[in-house]
Protein chains: 2
Amino acid sequence: MDNEARKLREYEQRLRDEGVRITRPRRAILQILSQAADHPDAMELFRRALAIDPTISLSTVYRTMKLLEDKGEIQRHAFAGGPARFEQAAGEHHDHLIDIDTGDVIEFHSERIEQLQDEIAHRLGYDIVHHRFELYGCRRKRK
Amino acid sequence: MDNEARKLREYEQRLRDEGVRITRPRRAILQILSQAADHPDAMELFRRALAIDPTISLSTVYRTMKLLEDKGEIQRHAFAGGPARFEQAAGEHHDHLIDIDTGDVIEFHSERIEQLQDEIAHRLGYDIVHHRFELYGCRRKRK
DNA sequence: ATGCAAATGCAAATCGTTTGCAACTGGAAA
DNA sequence: TTTCCAGTTGCAAACGATTTGCATTTGCAT
């Protein structure tokens, strides 16, 4: 089964429906996103995109990521001390654990934490618009 | 009681003990920090410092904040979409709620959340080095 | 007082990201 | 299927936050 090709077609369809033009560079980026399992930054996306469309420019990568973010197709994360990194928006909410040594990102979700957030915000008299919850750590050494 | 003057003297003493030279610009910045109740960024610190020492430069502000961070006297926070903001390290650990409309920072602490973090990291096989937990919201409108 | 490593101000460099602009291109309409 | 033009592109220059090189001062131990 070609899951990635399906994803790509769905991306294009949803965007077309919103009146977004599917251009050559955009198709290249959508293709990359539909096969990405990690959290690449703009430069990495640019590198991967060059392999598909050698005429693409870094500014177009940035412009396209902005567009996709606005359309809700991707999420942008600004982890500590590095460039923004992106991931497909599909899937339910999760937070991130960043491996300090490798830069790897592990996703996790805790309903308890979500509840606590709401509780805290409510107690302080605020409505949460969004939050950032990131753990930075290293793989526990076996003892 | 002159709490701020005392804080200033303590800052200087601790730094001297670590072999740090107390220069004019550094004294100005320490003075500002000891009276700051908010979370100013470098430019704001620079502005306030100019009032005390009109010859101070922005690079010295940055260099001093780096120094103070290394010495554990202050903490640096990179809230979403803005310059780094600083606060005195004194006091126990807390997280932040950022008022989206005003930029105000409210501090809070939840032992439950700290526990949950450790639990999650442990389950994923990681040791937490540090974390970032920020709520972004706006004041709840009275209904 | 003296000496010198450490700290400073300035300007230029850096990094990630955005923008102005002239040239190009989807894709709707004819 | 060709025409058309607003939307999109690549490029280079601009950007904001922060860092750095360097020649000049300045703490502060002697």
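First things first, this report covers the structure right here in the doc. (Residues numbered from 1 in each chain as written. Chains lettered and ligands numbered in written order. Predicted model: local features only at pLDDT ≥ 70, side-chain atom pairs only at ≥ 80, totals over all residues. Heavy atoms only, no water.)

## As for the protein's contact with DNA strand C
Next up, step 1: The immediate surroundings of DNA strand C are formed by 19 residues, with A:Tyr62, A:Ala84, B:Thr23, B:Thr55 and B:Thr60 found nearest.
Next up, step 2: Restricting attention to atoms of DNA strand C within 4 Å of the protein, one finds that 62% of them are sugar or phosphate atoms.
Next up, step 3: A distance of 3.2 Å separates a base nitrogen of DNA strand C from a polar atom in the side chain of A:Arg21.
Next up, step 4: Counting only elements with at least two residues in the surface near DNA strand C, the list comes to helix 4 (58-70) of chain A together with helix 2 (24-35) and helix 4 (58-70) of chain B.
Next up, step 5: No other element matches helix 4 of chain A, which puts four residues into the surface near DNA strand C. (Near = heavy atom within 4 Å. Polar contact = N/O pair within 3.5 Å; in protein donor to acceptor, adjacent residues only side chain to side chain. Helix = DSSP H or I, 4+ residues; strand = E, 2+ residues; numbered from the N terminus.)

## Considerations on the packing of helix 2 of chain B against helix 4 of chain B
All names here are of chain B.
Next up, step 1: The contact between helix 2 and helix 4 brings their axes to 10 Å, and the two run at 65°. The orientation of helix 2 relative to helix 4 falls into the category roughly perpendicular. Two packed elements cross with a definite hand, and for helix 2 against helix 4 that hand is right-handed. Along the contact surface, helix 2 presents Pro 25, Arg 26, Ile 29, Leu 30 and Leu 33, while helix 4 presents Thr 60, Val 61, Thr 64, Met 65, Leu 67 and Leu 68.
Next up, step 2: Counted by class, the contact of helix 2 with helix 4 contains eight nonpolar, two polar and one charged residues. (Axes fitted to C-alpha atoms, helices over the stretch in contact; angles between N-to-C directions. Parallel < 35°, antiparallel > 145°, perpendicular 65-115°, else oblique. Left-handed = near helix turned anticlockwise from the far one by under 90°. Contact = heavy atoms within 4.5 Å. Nonpolar A, V, L, I, M, F, W, Y, C, P; charged D, E, K, R; others polar.)

## With respect to empty space enclosed by the protein
Residues and elements named next belong to chain A.
Next up, step 1: One pass over the structure, following the stated rule, counts one cavity of 30 Å³ or more.
Next up, step 2: Computed from the structure, the largest cavity encloses a volume of approximately 40 Å³.
Next up, step 3: Looking at the largest cavity, the residues that line it are Leu 15, Val 20, Arg 21, Ile 22, Arg 26, Leu 30, Thr 64, Leu 67 and Leu 68.
Next up, step 4: Those elements that place two or more of their residues in the lining of the largest cavity are helix 2 (24-35) and helix 4.
Next up, step 5: Per-element accounting of the lining of the largest cavity gives the leading share, three residues, to helix 4.
Next up, step 6: In terms of residue class, the lining of the largest cavity is made up of six nonpolar, one polar and two charged. (1 Å grid on protein atoms, 1.4 Å probe; cavity = no way out; pocket = protein on both sides within 12 Å on 5 of 7 lines; lining within 4 Å. Points joined across faces, edges and corners; volume = space filled by probe spheres on them.)

## Some points on the packing of aromatic side chains
Aromatic ring pairs are defined here through the distance separating the ring centres and the angle between the ring planes.
Next up, step 1: All told, the structure shown has three aromatic pairs over all chains when counted by the stated rule.
Next up, step 2: Aromatic side chains B:Phe108 and B:Phe133 sit 6.0 Å apart centroid to centroid with 85° between the ring planes, which places their arrangement in the edge-to-face category. Here B:Phe108 is found in strand 4 (residues 105-108), whereas its partner B:Phe133 is found in strand 5 (residues 126-139), with 25 residues between them in sequence. Neither residue differs from the other here; B:Phe108 and B:Phe133 are each classed as buried.
Next up, step 3: Counting every residue linked through ring pairs, the aromatic cluster contains A:Phe108, A:Phe133, B:Phe108 and B:Phe133. (Phe/Tyr/Trp six-rings, centres within 6.5 Å; stacked < 30°, edge-to-face > 60°. Buried < 20%, exposed > 50% of the residue type's maximum accessible area, 1.4 Å probe, protein only.)

## Brief notes about the relation of the copies chain A and chain B
Next up, step 1: In the superposition of chain A on chain B (RMSD 0.0 Å, axial shift 0.0 Å), the rotation amounts to 180°. Read as a symmetry element, the transformation amounts to a two-fold axis. In terms of C-alpha distance to the rotation axis, chain A has A:Phe133 as its closest residue, with the C-alpha 2.3 Å off the axis.
Next up, step 2: Interface residue correspondence from chain A to chain B reaches 100%, placing this contact among same-surface, isologous pairings. (Least-squares fit on C-alpha atoms with pLDDT ≥ 70 in both.)

## With respect to the packing of helix 3 (residues 42-52) of chain A against helix 4 of chain A
Each pair of packed helices gets described by two things: the angle between the helix axes and the distance between those axes.
Residues and elements named next belong to chain A.
Next up, step 1: Contact pair helix 3 / helix 4: the axes reach a minimum separation of 9 Å and the direction vectors enclose 115°. The handedness of the crossing between helix 3 and helix 4 is right-handed. Mapping the contact onto sequence places Ala 42, Met 43, Leu 45 and Phe 46 in helix 3 and Leu 58, Val 61, Tyr 62 and Met 65 in helix 4.
Next up, step 2: Considering only residue class, the contact of helix 3 with helix 4 consists of eight nonpolar, no polar and no charged.

## Observations regarding the interface of chain A and chain B
How big an interface is tends to be stated in terms of the accessible area lost upon association of its parts.
Next up, step 1: With 34 residues of chain A in contact, the opposing surface of chain B contributes 34 residues.
Next up, step 2: Between chain A and chain B lies a buried interface of about 3,300 Å² when both sides are counted; carbon and sulfur atoms form 64% of it.
Next up, step 3: Summed over the three residues of chain A that lose the most area to chain B, namely A:Tyr126, A:Arg132 and A:Arg140, the buried surface amounts to 25% of that side.
Next up, step 4: Linking chain A with chain B are four salt bridges.
Next up, step 5: For the salt bridge of B:Arg140 with A:Asp127, the shortest nitrogen-to-oxygen distance reads 3.9 Å.
Next up, step 6: Here chain A and chain B share 16 residue pairs in polar contact (both at pLDDT 80 or more) between them.
Next up, step 7: Looking at the side of chain A that touches chain B, the elements with two or more residues in it are strand 3 (95-99), strand 4 (105-108), helix 5 (111-124) and strand 5 (126-139) of chain A.
Next up, step 8: A total of 14 residues in the side of chain A that touches chain B trace back to one element, the largest contributor, which is strand 5 of chain A.
Next up, step 9: Residue composition of the side of chain A that touches chain B, grouped by class: 19 nonpolar, seven polar and eight charged. (Buried area = accessible area lost by both parts, 1.4 Å probe. Salt bridge = Lys/Arg side-chain N within 4 Å of Asp/Glu carboxyl O.)

## Examining the pattern of salt bridges
Charged atoms that come close allow side chains of opposite charge to pair.
Next up, step 1: Counting across every chain of the model gives 26 salt bridges over all chains.
Next up, step 2: Between B:Arg47 and B:Glu44 there is a salt bridge; the shortest N-O distance is 2.4 Å. Residue B:Arg47 and its partner B:Glu44 are both found in helix 3 (residues 42-52); the two are separated by three residues, about one turn of the helix.
Next up, step 3: For B:Arg47, a relative accessible area of 49% puts it in the partly exposed group.
Next up, step 4: Taken together, the shared-partner salt bridges in this structure form one network comprising A:Asp38, A:Glu44, A:Arg47 and A:Arg48.

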